[in-house]
Amino acid sequence: MTTEPNIKKKLLIYAHYYHPDVASTGQILKELAEGMLDSFDITVICVVPSYTGSVAAEYKTKMFYYEEINGVKVLRIRVPEFSKNNKMSRIKNILAYFVGAMLATFKVGKMDYVYSISQPPVLGGLIGVWGKWMKRAKYIYNIQDFNPEQTMAVGYSKNKLILNAMLWFDKFSCKCSDKVIVVGRDMVETVKHRFKGKKVPNHSFINNWIDEKEIYPLPSDHKQVVSFKKKYGLENKFVIMYSGNIGLYYDLENIMHVIKEFKEQDDIVFAFIGEGSVLSNLVDYKEEHDLKNVTFIPYQKKSDLIYSLNAGDIHWCINAKGIKGVSVPSKLYGVLAAGKPIIGVLEEGSEARMIIEEIGCGFVTEPGNYSEVARIIQRLIDEKQIVSSMGARNREYLVNNLARDVSVKKYIKEILDC
């Protein structure tokens with residue numbers, strides 16, 4: 001008598017961005033997909049590599065591109081190039097992904113589960129609903145950022161008609177899902193608040209993570225760390241680093257006003273690594289006020305992230321006011337993995353701040369409390385020796401609670417339990 005082979009369930013992931021794009025959600029979804037391959041046959045629908053706005057020539061000739069990356073089947077959609085400073089070009093790019101993903105759904109065959117994230121805002125949820133209907137599958141909606149709540153928090157739009165429509169559609173996606181998964185304890189409360197405690201969708205909470213095998217503490221004299229510092233003028237400096245998306249949700253333009261107070265401190269350097277919609281504003285401010293101890297560094301390849309993170313003596317983890325319960329800054333996990341202390345400008349009760357306070361690995365204050373931010377920086381300058389011991393507990397906490405395998409196992413269970 002022969003036994004039936006164990007046929008894996010088929011899982012479709014709508015990713016928007018996926019490896020090799022450097023978007024944090026794209027990296028997380030790559031690690032999630034590859035981590036679940038023992039349990040699922042996985043297909044990803046995403047755009048061609050284009051996170052920076054440009055599209056390589058080899059992705060400009062066809063509408064769809066089939067690839068396989070480490071066992072994950074990938075169907076890429078061609079989208080138009082865009083500028084992060086041009087709202088209309090970004091909208092065209094996002095809509096091209098949305099329409100292309102709808103069409104691509106018909107190219108991937110039968111699916112048992114559909115999984116999408118909340119990127120792009122609102123449309124990420126709706127494309128998951130489309131996949132659920134077209135494939136008659138169970139739908140898991142992973143909310144990385146709540147919108148329009150995030151849009152409202154930073155005043156990106158004040159059009160009540162648009163904002164109310166966005167909220168209606170995203171609540172619709174939540175209602176249509178078989179499970180909503182959020183990435184912060186504070187975000188669980190937002191789900192409940194959206195539905196006023198009545199008919200709240202089935203939901204659970206799973207932290208994002210970092211692969212602790214790829215990011216870990218290195219000695220300050222490590223060859224590549226020294227090389228990185230030399231390349232970007234960080235040698236023999238006390239480095240206060242921001243590494244991640246330089247976008248609207250991090251109050252960085254106001255933080256630059258605080259940094260200006262320390263422009264005469266030539267033994268420290270404020271390093272910003274990344275790109276985003278407000279980068280040009282920060283560069284202009286630096287030049288206008290002659291901030292010689294501020295430097296801007298391009299996004300680093302994932303393989304080099306370990307060296308750039310270890311080049312910082314202390315790292316920023318910042319959110320604008322109103323982001324509590326809406327989003328969790330993923331940069332936190334890389335900093336913890338590298339064993340570095342943190343300046344947290346985060347609302348009380350937010351997921352990132354709770355983690356920092358639980359570990360005791362940094363200084364925290366409320367967004368908008370710029371005098372306290374300045375006081376923290378001054379203390380770090382005056383007492384640099386306290387920094388070396390502050391990040392020691394980060395690594396242990398991360399390995400036990402925020403490592404890739406811990407969260408991936410939770411995702412597998414939550415999906416199969418739908």
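Placed above this text is the structure.
Asks: What is the right way to read empty space enclosed by the protein from this model?
Replies: To find the voids left in a structure, one rolls a probe of water-molecule size over its atoms. Throughout the structure, instances matching the rule amount to 1 cavity of 30 Å³ or more. Of the voids in this model, the largest cavity is the one considered here, and its volume is about 70 Å³. Around the largest cavity, the lining comprises 13 residues; the ones closest to its centre are Asn319, Ile323, Lys324, Leu346 and Ser350. Each residue belonging to the lining of the largest cavity can be placed in one class, and the counts come to 7 nonpolar, 3 polar and 3 charged.

Asks: Honestly, the side chain of Glu149 in this entry has me stumped. Any pointers?
Replies: Turning to its location among the elements, Glu149 is positioned in helix α4 (residues 149–153). In contact with Glu149, other than residues within four places in its own chain, are Leu167, Thr190, Arg194 and Val326.

Asks: Just to check I follow, could you spell out the packing of aromatic side chains for this structure?
Replies: Two aromatic rings are characterised by how far apart their centres lie and by the angle between their planes. Counting across every chain of the model gives 15 aromatic pairs. When the centroid spacing of 5.1 Å and the interplanar angle of 85 degrees are considered together, the rings of Tyr17 and Tyr51 count as edge-to-face. Of the two residues, Tyr17 is situated in the loop between β1 (9–16) and α1 (24–35) and Tyr51 in the loop between β2 (40–47) and β3 (64–69); the sequence distance between them amounts to 34 residues. The same class applies to Tyr17 and to Tyr51, which are both buried. Aromatic side chains Trp168 and Phe172 sit 5.6 Å apart centroid to centroid with 5 degrees between the ring planes, which places their arrangement in the stacked category. Here Phe172 and Trp168 lie together in helix α5 (residues 160–176), a separation of 4 residues that amounts to about one turn.

Asks: Any chance you could explain the nonpolar core here in plain terms?
Replies: Soluble globular proteins tend to pack their nonpolar side chains together in the buried interior. With 108 residues, the main nonpolar core has Tyr18, Met36 and Ile42 as its most contacted residues. Looking at this core element by element, the count peaks at 6 residues for β2. Setting aside residues no more than four positions away along its own chain, Tyr18 makes contact with Gly26, Leu29, Lys30, Ala33, Val44, Cys46, Ile69, Val72, Val74 and Arg76.

Asks: Would you take a moment to explain the packing of helix α3 (residues 123–135) against α5 for this structure?
Replies: Angle between the axes and distance between the axes: these two values describe a pair of packed helices. Put simply, α3 and α5 touch, their axes get as near as 9 Å, and they point 35 degrees apart. α5 is crossed by α3, and the crossing has left-handed handedness. Of the residues in α5, those touching α3 at Gly125, Leu126, Val129, Lys132 and Trp133 are Phe169, Phe172, Ser173 and Cys176. Here the contact of α3 with α5 is composed, by residue class, of 6 nonpolar, 2 polar and 1 charged.

Asks: Sorry, what's going on with the pattern of salt bridges here?
Replies: Charged atoms that come close allow side chains of opposite charge to pair. Across all of its chains, the model carries 25 salt bridges by this definition. The residue Glu358 makes a salt bridge to Arg185 at a minimum N-O spacing of 2.9 Å. Within this pair, whereas Glu358 is found in helix α12 (residues 351–359), its partner Arg185 is found in helix α6 (residues 185–194), the two being separated by 173 residues in sequence. Through salt bridges with shared partners, one network takes in Lys10, Asp41 and Lys73.

Scoring rules and cut-offs
Think of each chain on its own: its residues are numbered from 1, step by step along the sequence as written. In view of the model being predicted, local features appear only for residues whose pLDDT reaches at least 70, and side-chain atom pairs are presented and counted only at 80 or more, with totals across whole chains, interfaces and linings using the full set of residues. The side-chain figures draw on all heavy atoms in the structure; neither hydrogens nor water molecules are used. Cavity: a set of points on a 1 Å grid over the protein atoms alone where a 1.4 Å probe fits but cannot get out. Pocket: an open set with protein on both sides within 12 Å along at least five of seven lines, its lining residues, like those of a cavity, having an atom within 4 Å of a point. Grid points are joined across faces, edges and corners, and a volume is the space filled by probe spheres set on the points. Note on residue classes: Ala, Val, Leu, Ile, Met, Phe, Trp, Tyr, Cys and Pro are nonpolar, Asp, Glu, Lys and Arg are charged, and everything else, Gly too, is polar. Numbering of helices and strands runs from the N terminus, with a helix taken as a DSSP run of H or I at least four residues long and a strand as a DSSP run of E at least two residues long. Should any heavy atoms of two residues lie within 4.5 Å, those residues are considered in contact. To pair, rings of Phe, Tyr and Trp, with the six-membered ring standing in for Trp, must have centres within 6.5 Å; the planes then decide the type, stacked if under 30 degrees apart, edge-to-face if over 60, and tilted in the middle. Throughout, exposure labels follow a simple rule: accessible area from a 1.4 Å probe, protein chains only, divided by the maximum for the residue type, with under 20% read as buried, over 50% as exposed, and the rest as partly exposed. Put simply, a nonpolar core is a bunch of buried Ala, Val, Leu, Ile, Met, Phe, Trp, Tyr and Cys residues held in one set by side-chain atoms that sit within 4.5 Å of each other. Angles run from 0 to 180 degrees between N-to-C directions of axes, and those axes are lines fitted to C-alpha atoms, restricted for helices to the stretch in contact. Helix crossings get a hand from a simple test, with the near helix turned counterclockwise from the far one by less than a right angle marking a left-handed crossing and a clockwise turn marking a right-handed one. Here, a salt bridge means any side-chain nitrogen of Lys or Arg that lies within 4 Å of a carboxyl oxygen of Asp or Glu.

Everything listed here is a matter of geometry and, on its own, says nothing about what the molecule does.
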